[in-house]
Every structure is written in structure tokens, then in C-alpha cells.
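# Tertiary structure, described
One-letter residues, chain by chain:
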Amino acid sequence: MSDVALQTEDLTKRFGRRMAVDRLTIRVDRGDIYGFLGPNGAGKSTTLRMLLGLVRPTSGLIKFPVQNSSWEYLRARSRVGAIIETPAFYENLSARRNLQLLASLSGGVSKKRVEEVLEIVNLRERAGDPVKVYSYGMRQRLGIAQALLPTPQLIILDEPTNGLDPQGIHETRKLIRRLRHEFKLTVLLSSHLLTEIEQLCNRVGIIHEGRLLYEGGPEALTASTNLHKVRVDNLAGAFELLSKEHGLSVSQNGASFLRIDADAEALARANALLVGNGIKVYELSPAQESLEEAFLRLTSRNELN
Amino acid sequence: MLTLLKLELEKLFRARSFYLSFLVLIAFVALMLWGFYTYAARKTGGEAVEQFKYTYESKQYFNGLTFALYSLLFSFTLLLPIFVSMSAGSQIAGEARGGTLRMICTRPISRASLVLSKFLVTALHAALLLSFFIGLNLIVGLIFVGWGNLELYPGPLNLVDAPGKIMRDDALMRFGYSVLSGTWALLVIAALALLCSVVFDSPAQAIVMTIAAYLTLYIVGRVEFFEHLRPYFFTTDMDFWRDVFKPEIPWRNLWHYACTCGAYTTGLLLATVVIFERKDIVT
Amino acid sequence: MWVKLILLLLFCLMIVGAVHFAQPSESSDNRASSASVVNSLRLLTWNIGYAELEDDTRAHDKDLPAVAEVILRHDPDAVALQELTGKAQLNVLLGLLHGKYRGAVAQQGRSDRFEAVLVKDSRAAFIPVPVGAQYALAASFRPRGNSPEVLVLSAHADAFNAARRRTYTEALMDWVERRRQSSAVFIAGDFNFELKAANETNLYTDNLKHDSESYSHILRRFRDLGRDAGDTAINDRRIDYIFGPPELEQIGRVEVLRNAAVGRMDHWPLLVEVGLHN
């Protein structure tokens, strides 16, 4: 059995003249919590909608593990659970009836399974209430419940904590972790919240203006830099001195550090320069870039390009 | 497909608008009864009798069957097409607006089956509305006006070219036929509304566009200025349903227009399926 | 895919069905059966007056040769004319017909225009028909020596008031009712009825109501022989009629002679040929 839960190849979507997704190639492995990160309008939702068959790709491929025909594609998709944006239900029907109706469309989902998923999302006691009286958080949990109905191998969540209060966000994140650990699900979630991705995901795909800028572990994203921090006695003098030096980029990060982006050679030259000019160097060490910084670095570079 | 159909049926029977449409029809029958009484009283007594010796609209002309026929013909002009437009127009666009469409479309079902099941449910709704309406009119006609033979003459209902009569039992059967022919004619509107429902993401827009198209063609088709265009309007073909009330049913003519309406319906449905399958659900 | 295939199949089926059933079935009206026809009767009705815009909307003498030419060419057994100026005009017309026809005009009522009937049969009797404050005219004759008696009426109902048309029709029918037993009655003329079955915009006007009552009243006893011949006057109006006995089975030629009008005439002659049983 393949380790790949989902793969796209050069997936492209164009709405008229606007390129929403541009030759996107991603790979989600089994067991991943894959964070699909990007600012609003980056193409995240469009990509997820393409994966779920809501939007027709202009070109490119979407591959589920077993899929040689359109029938198998439909079958493979039947093992994918999803929430796209705010989950919507038939307001006059109870949560249970909504799930039962959706279960009947999912093929081979038993009534027992409906009760199971209600239990998982902790809505069993309120399952008889009509959805119209549900809070936003409850709807979100019901959304996850419906996504879990077909006992999926892969669950796709589009901005699952969007609009929730802190308590709701906490509960949802806890639930997502539980899905992975307890039910061995692969999760593909999109978000524009870096903290969410940082807390939940073991793999990240960063998308900006429809193009994939990065795919890999969050650690690799932040570690794959030449960023260093320098602590000196004269911060302003050091900044002025290093700013003039070729081959390195310097920035002032707060009151106590300078950040230098430079390779080993340039770093040695910078150190010599500071010491030669009478500036005391207390510390010169590799700096850990935050995901936010990495994200901004990648997206701003893309914009410059 | 069967599951989808069951789902759509449940939604139909749980929708408030479904019951509301029947209530409006009851109100319409009451209005018709009032109008019928005043009209009949005016035409069969007082000045009318003094001025003219003979009238086709005599006391025996006005009976429960005539009442049901008047009521049916008037409601078919506007009321029933509006209900069918509302029912079909909100099918896809309503779900798109509510967000439930993406929920359904992420399930492993084909979009074509979804369209077809929604159409079948709309067709059922139309048939139920028509059966209910005709049944109600006949019962109200029996109780309040009394039964007799169905007499027809050229003019007011534009049904016949020469005066004629349909005997009571035969006339009752004709009302039965009209459920079938009327529903079949209304399916053209249903298919058009469903197409609009796929093209537009707002149910209101879909419904308004359907009704606007229907009314425009209906009215334009009756203005003498456009007489030569009339045969090309689907509203003209839809009129075939009334043929079942002619003393001699022109079967050949009826089948011709029934097939034409069927072609409109299936053609529009086919277009709906093709468009919906290619549609990006971004709502 | 199967849904689309089924829909496509149904669509094709419906088209084939529509085309198949579109072929006109043989109309019983136009069947030319000669089995029991003994005599044929050819009738023509024509309002030879002018359109409203003229100073005198009655028939003009200068048009009479053209009218005579149409009558001679189509050779009807009886002709019903409307809107003649009087007996003198009729005499001119009869002269132009080379003595082939006899004729009379109706008595003068409140109108300044006259109906006339022309027949080929020299033994024909002309009968005034009182219709309210005016008169129509009937001619009783036998088209062939052994054929049954035929009564042809020339009528002209009010052009402007549907209620008056209705009372006129009622009076005319009352008179006809007494003659129906002894003769094959044909009523020909300009009734000015405003009834177009397909034109529903007229549904709520009194005109349609009265005219449909009038028309239906005639159709209780008669058959509209020129129903399928089309419009008989300008502005797409079918206002000239020839009504015949309902039991009449054979209808041969039914034609509106649209090239016949001359001058500012606004009507065309309606020609009907029927078969009469012995």
C-alpha cells in the first residue's frame, strides 16, 4: 500500500484571466497533518475544492491512492471527509437527521456510525436539536462529524477554526490531534493562521498567489537559513558598520540583537570587522527563524520575483 | 439515485413553502368562487336577461364543472407556473446559497443524478399541486355550485371554435387527463427554472428570470403584433394541455404538442446537466 | 453518463414524436366524397363597401364591373352582397351580369346601405327579413330543377357595437328558426364579429363576450362553412361568414378571393361550395 494519501501534479485553475492556482504539485503522506498555509486569496480554498470535485481543474492531476477510472475516483473520494468553509446544514432538521441524510449519500454508512461520529465530536446529547439553534462552534463540530461519516482515510478541513472563539479554537485543535492519533487519519488543513499550522502540522505547504512556495516540515523551513543573531555592546554602531558590507544582510531585531543573513565566510568577515572596529561581540549564534518570519520571507521574495 | 430521490422528497415534504403553495391554492379557489358567483349572477339575471333573449351563459351553463374549468384555466396562466418556478428555481441555487450544495457535492454522487432527482421531485410537486387544485375545485364546485354537464362555447375560455358539450362523467375524466397534460406542460417551466437555478447562484434570481421569461413570452405571444412569432414560443406549445377539454380531443394535435413540450423539457434538462457538471461550486 | 444518455434519447424521441404527429391528419371537412352528392351549391358573400376613411363608405358604381367580373368568373348559384347604395346600383350590377342573375335589395331600415341577394334561378322569391330596426334579405330558390329548396340570407350586422350585433343576431336567428324546417338555410354576410380564439387579449372585453355569444348562438343551429378559409377583411379580420345547415357533410371549395377587392374595398369575397343531398 502506498504511503501517499493524496497527490497533485501541476494542478492549475484559471477563472477567466485570473490564475487562481498555478501548477501546484503537493504530496500528502499517510498520517500527516498537512498544513496548507497562505494568505487570504492565495488559492487554498480553490485547491481544496478541486481536490473534492467542487471545482474543475483547468489542467493537472489529482491522485488518490487507488484511482484508474472515474468510478474509482468517485470511490476514492468517498473515503475523503471534508469541511469547506463554514459547514452548512438543513437548518430545520436535527443534527442527527442531517447526518443520517448525508450518510445515505456517502454510501455504506450505517446508522451506528452516525452515533459514533456524534460521540467523537461530543454532540450526542444535543443531536436531536435542530441545527438552527446550534452555536458556531457546535456547527463546526457537526461539520467535522459529517466529514468523519464515511470512516475516511483523509480528512480535508478548510480553515477549521475560522470564526471560532478561543475555547472553540482550542477544542477543534484538540479534536484534530485526536483524529490523527486515535483514528490514524491523514489531515489536510488549510489556514492563514501561522500559529495553528505551527501547533498542529508535521508538514507544511505554503501557497501564495496560486503558487507553491514551500513544501516540507516546518522545522526544515525555519532551519534552512543562514540566519544568525549577534549580540554586541554597540548595536547602532555594529548595524551601521555591517550594513555597508557586501555579501551579508543585516537587520535589527528588537533592542538586543542584530540578525545577519550570511554564509560562513561572510559571517567570519563580519565578526572580524566588528572586533577590528572595537565593538565587543558577546554572542554569535545561529538564529531560529519563526514560521511567521519564514512565511513572510518566502511570500515577500515571491512578490519581488 | 433512489437515495437522492428519498432525500429530495424528505426535503420537499419538510419545506414550509411546500405547504404554503397548497394554502395559496385554497385561497385562490375561494377567490374564484367569489368571482364565479358574482359573474354568474350578473350574467344570468337582471340587465343581461332584459337586454338579450338568448345567452349561452345560462343557469345550467354555470355549474361545478364549469367553475373548476374556469378556475383551472385562470390559475394555469400565472399561479401554477409561479409555484413550479419557485419550486424548481430554488432547487440548486437555494442549496448553493445555503451552502448545502457543496456538502452534497463532496459526497460520491454524480451531479447528473442530483439534477435528475431534483427535477423528479419538482415534477412530483407540480403533479401534486395540480391534482390537489383540480380535486379541490371539483369538490368546491360540487358543494357550492352543483354538478352538470360541461358546456363550452367559443370566446371566454378560448377552448373551442364551435359550441359543444361534454357529458358529466366524461368531463370528470377529462379533468383527470388534465392532471397529466397540465403537469407535462408545467415540466417545461420546471426544466427552465432548474436551468436558471444552475446558472444563477441566487434562488431569487433564478425564479425571477424564469417567471420573467415565461410571462414575457406568454404576453408577447398573445399580442397580435407578434402573431407570426407565436409558434416559436414554448408558451404556445404549453397550451396543448387544454385540448383535453375540447368536446372531441384532437389526439394527434395533443401528441404533437406534448412531444414538443417533452423536447423542450429534456433539452433544457440536458443543458442543465451539462452546465452543472462543468460548474465550479465556489459559493 | 447514463443520465445524459437517457435524456438525449428522450430528447430525440420527443423530436421524432413531434415531427411524426405534426403531419396533418386527413380533415373530414375537406374530404371530397362524391358518393351521395347529387347537387352542388356555390355561394359567395361580399361586402363591397369601402374602408372607413372614405367619404362614402358604401359601394361605388365604378367598382361594379370588377364585382360583376368576379361573380361571372366564379359562377356562384347565389351571391350575398352588402353595403350597396340601393336598388339602382343593384340594377347596374345585374346589367353587367348579362341577365344571368336575378336580384333584390333589402327594404330600407335605419341604415343608408342595403343588403342584396343575387341568384341564378329565375323562379327565385325574395323575402324581406325584419331584424329589429333594419332589414336583411333572403332569397328562396332551387339551384337545380329537382334539388331541395334553398334559402340564402344576406346579412350585415353593426360594425361598431357588439351588443347591437348580438340583438341583431338573435332577431335574425328567430326569423330563420321558422324557415329551417322547410328549406336548407344559408346565412351569408358581414357580421363584424370580433372573435379570434387565439387572441386572449380580448378575453376581458365585452365585445368578445357578446360576439362569442352571437357566434355561438348561430352555431347552435348552423355550421360555419368558411371557418378554415382565413381572414376576409383587412387588418387580419375574419368577419364575413357563410353559415350552413349542420348536417351538411360535403364541403368542397372554401376560399377567400383575396385578389378580388378593388378601389378602397376592405373586404374580400368568401366563396363556398357545398354538396346538397336530394
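Residues numbered from 1 in each chain as written. Chains lettered and ligands numbered in written order. Predicted model: local features only at pLDDT ≥ 70, side-chain atom pairs only at ≥ 80, totals over all residues. Heavy atoms only, no water.

## Considerations on the overall build of chain B
- Assigned secondary structure in chain B consists of eleven helices and two strands.
- Going residue by residue from the N terminus, the α and β elements of chain B occur as α-α-α-α-α-α-α-β-β-α-α-α-α.
- Computed over C-alpha atoms, the radius of gyration of chain B comes to 21 Å, within 12% of the 19 Å expected from 2.2 N^0.38 for 283 residues, which places it in the range of a compact globule.
- For chain B, the spread of C-alpha atoms along the principal axes amounts to about 70 × 40 × 30 Å.
- Burial analysis of chain B (283 residues in total) assigns 58% to the buried set.
- Surface accessibility of chain B: about 11,400 Å² in total, with carbon and sulfur atoms responsible for 68%.
- Charge-centre separation for chain B: the mean point of 23 positive side chains lies 7 Å from the mean point of 19 negative side chains. (Helix = DSSP H or I, 4+ residues; strand = E, 2+ residues; numbered from the N terminus. Rg over C-alpha atoms; globule rule 2.2 N^0.38 Å. Buried < 20%, exposed > 50% of the residue type's maximum accessible area, 1.4 Å probe, protein only. Areas by Shrake-Rupley, 256 points an atom, 1.4 Å probe, with all protein chains shown as cover. Lys, Arg positive; Asp, Glu negative; His and termini not counted. Charge placed at Lys NZ, Arg CZ, Asp CG, Glu CD.)

## So, the pairing of strand E6 (residues 134–141) of chain C
All names here are of chain C.
- The element E6 is extensively covered by neighbouring structure, given that seven of its eight residues are classed as buried.
- Relative to E6, strand E5 (residues 125–131) runs antiparallel, the two sharing seven bridges. Residue Val129 lies in a different strand from E6, and its bridge partner there is Ala136.
- The hairpin formed by E5 and E6 contains two residues between the paired strands, and Gly132 there has a positive phi angle of roughly 65°.
- In terms of strand pairing, E6 meets strand E7 (residues 150–156) through five bridges, oriented antiparallel. In the sheet register, Leu137 faces E7, and the bridge partner there is Ser154. (Pairing = 2+ DSSP bridges.)

## Brief notes about unusual backbone geometry
- Residues other than glycine seldom take positive phi values, yet Lys184 of chain A does so here, at roughly 55°.
- Its place among the elements puts Lys184 of chain A in the loop between helix H6 (166–183) and strand E8 (186–191).
- On the accessibility criterion, Lys184 of chain A (65% relative accessible area) is exposed.
- Not every positive phi belongs to a glycine, and His98 of chain C is a case in point at roughly 55°.
- Its location among the elements puts His98 of chain C in the loop between helix H3 (87–96) and strand E3 (102–105).

## Some remarks on the confidence of the model for chain C
Residue and element names in this part refer to chain C.
- Scored by pLDDT, chain C comes out at a mean of 84, with 88% of its residues at no less than 70.
- Scored below 50 in pLDDT, residues 25–37 makes twelve contacts in the model with residues more than four places away or belonging to other chains.
- Note on residues 200–204: pLDDT is under 50 here. Beyond four places in sequence and across chains, it has twelve contacts. (pLDDT = per-residue confidence, 0-100. Contact = heavy atoms within 4.5 Å.)

## Topic: the state of the cysteines
- By the definition in use, this model includes zero disulfides over all chains.
- Of all cysteine sulfurs in the structure, the one in Cys196 of chain B sits closest to Cys105 of chain B, which takes part in no disulfide; the separation is 19 Å. (Disulfide = S-S within 2.5 Å.)

## Here we look at a nonpolar patch on the surface
- A grouping of Met1 and Leu120 of chain B together with Trp2, Ile6, Leu10 and Leu13 of chain C is seen on the molecular surface, where their side chains present a nonpolar patch of about 540 Å² in accessible area.
- Broken down by element, the nonpolar patch gets its largest block of residues, four residues, from helix H1 (residues 2–22) of chain C.
- Within the secondary structure layout, Met1 of chain B lies in the segment before helix H1 (2–14).
- Exposure remark for Met1 of chain B: the relative accessible area of 32% places this residue in the partly exposed category. (Patch = residues over 30% accessible without salt bridge, like charges linked within 9 Å, V, L, I, M, F, W, Y side chains within 5 Å. Salt bridge = Lys/Arg side-chain N within 4 Å of Asp/Glu carboxyl O.)

## Quick word on the interface of chain A and chain B
- The interface of chain A with chain B comprises 28 residues on the first partner and 26 residues on the second.
- Regarding the contact of chain A and chain B, the summed buried area is about 2,500 Å², with carbon and sulfur atoms giving 57% of it.
- Linking chain A with chain B are two salt bridges.
- A salt bridge links Glu10 of chain B to Arg97 of chain A; the shortest N-O distance between them is 2.3 Å.
- Taken together, chain A and chain B are joined by 13 residue pairs in polar contact (both at pLDDT 80 or more).
- When residues of the side of chain A that touches chain B are traced back to their parent elements, those giving at least two are strand E1 (4–15), helix H2 (70–77) and helix H3 (95–106) of chain A. (Buried area = accessible area lost by both parts, 1.4 Å probe. Polar contact = N/O pair within 3.5 Å; in protein donor to acceptor, adjacent residues only side chain to side chain.)

## Here we look at the environment of Ala261 of chain C
Residue and element names in this part refer to chain C.
- Structurally, Ala261 can be placed in the loop between strand E11 (251–256) and strand E12 (270–276).
- Taking the C-alpha atoms as reference, Ala261 lies 22 Å from Ile187; in sequence the two are 74 residues apart.
- Sequence-distant contacts of Ala261, defined by excluding residues within four places in its chain, comprise Trp46, His267 and Trp268.

## Quick look at the sheet that holds strand E10 (residues 211–216) of chain A
All names here are of chain A.
- One open sheet accounts for six strands, arranged E6-E7-E8-E4-E9-E10; its pairing is mixed. Each end of this open sheet is capped by a strand with a single partner; those strands are strand E6 (80–83) and E10. Between one strand axis and the next, the sheet turns by 15° as a mean value, whatever way the strands run.
- Of the pairings in the sheet, the one linking strand E4 (residues 33–37) to strand E9 (residues 203–208) comprises four bridges and is parallel in character. Residue Phe36 lies in a different strand from E9, and its bridge partner there is Gly205.
- Against the sheet, helix H5 (residues 136–148) contacts E6 and strand E7 (154–158), and its axis sits at roughly 160° relative to E6. (Axes fitted to C-alpha atoms, helices over the stretch in contact; angles between N-to-C directions.)

## Considerations on H1 of chain B
- Under the 1.5 Å per step criterion, the end-to-end length of H1 of chain B is 18 Å for 13 residues, consistent within 8% with the ideal 18 Å.
- What H1 of chain B keeps buried is the set Leu4, Leu7, Glu8, Glu10, Lys11 and Leu12 of chain B. (Expected span 1.5 Å × (residues − 1).)

## A closer look at the side chain of Thr265 of chain B
Residue and element names in this part refer to chain B.
- Along the polypeptide, Thr265 turns up in helix H11 (residues 251–278).
- Judged by relative accessible area, which is 5%, Thr265 ranks as buried.
- Beyond its immediate chain neighbours, meaning those up to four positions away, Thr265 contacts Phe119, Leu187, Val188 and Ala191.

## Digging into helix H9 (residues 203–220) of chain B
Residue and element names in this part refer to chain B.
- When the terminal C-alpha atoms of H9 are compared, their 25 Å separation across 18 residues agrees well with the 26 Å that a helix rising 1.5 Å per residue should span.
- Listing the buried residues of H9 in full gives Pro203, Ala206, Ile207, Thr210, Ile211, Tyr214 and Tyr218. Taken around the axis of H9, the buried residues stretch over an arc of 120°, which confines them to a single face.
- The elements touched by buried residues of H9 are helix H4 (64–77), helix H5 (79–98), helix H8 (168–199) and helix H10 (234–238). (Arc of directions from axis to C-beta.)

## Here's the deal with the sheet that holds E5 of chain C
All names here are of chain C.
- With respect to topology, six strands assemble into an open sheet ordered E5-E6-E7-E8-E10-E9, the strand pairing being mixed. Edge positions in the sheet fall to E5 and strand E9 (223–224), since each of these pairs with one other strand and no more.
- Across the sheet, helix H4 (residues 162–177) is in contact with E5, E6, E7 and strand E8 (184–190); its angle to E5 comes to roughly 135°.
- Across the sheet, helix H5 (residues 206–219) lies against E9 and strand E10 (240–244), angled at about 30° from E10, the strand it touches most.

## Notes on the confidence of the model for chain B
- Chain-level statistics for chain B give a pLDDT mean of 87 and a share of 94% at 70 or above.
- The secondary structure element of chain B with the lowest average pLDDT is helix H3 (residues 47–51) of chain B, at 60, and the one with the highest is H8 of chain B, at 95.

## A word on the pattern of salt bridges
Residue and element names in this part refer to chain A.
- With the rule as written, the count across this model stands at 48 salt bridges over all chains.
- Its salt-bridge partner being Glu116, residue Arg113 comes within 3.1 Å of it at the nearest N-O pair. You can see Arg113 and its partner Glu116 sitting in helix H4 (residues 111–120), three residues apart, about one turn around the helix.
- Residue Arg113 is classed as buried on the basis of its relative accessible area, which comes to 12%.

## Side note on the packing of helix H7 (residues 111–145) of chain B against H1 of chain C
- Direction vectors running N to C along H7 of chain B and H1 of chain C enclose 50°, while the axes themselves pass 8 Å from each other. On the basis of their axis angle, the class for H7 of chain B and H1 of chain C is oblique. Of H1 of chain C, the residues touching H7 of chain B (which contributes Ala112, Ser113 and Leu116 of chain B) are Trp2, Val3 and Leu7 of chain C. (Parallel < 35°, antiparallel > 145°, perpendicular 65-115°, else oblique.)

## Let's talk about the arrangement of the chains
- For this structure, the chain pair with the highest number of contacts among two pairs of chains in contact is chains B and C.
- At the level of C-alpha atoms, the two units chain A and chain C stay apart, their nearest approach being 11 Å.

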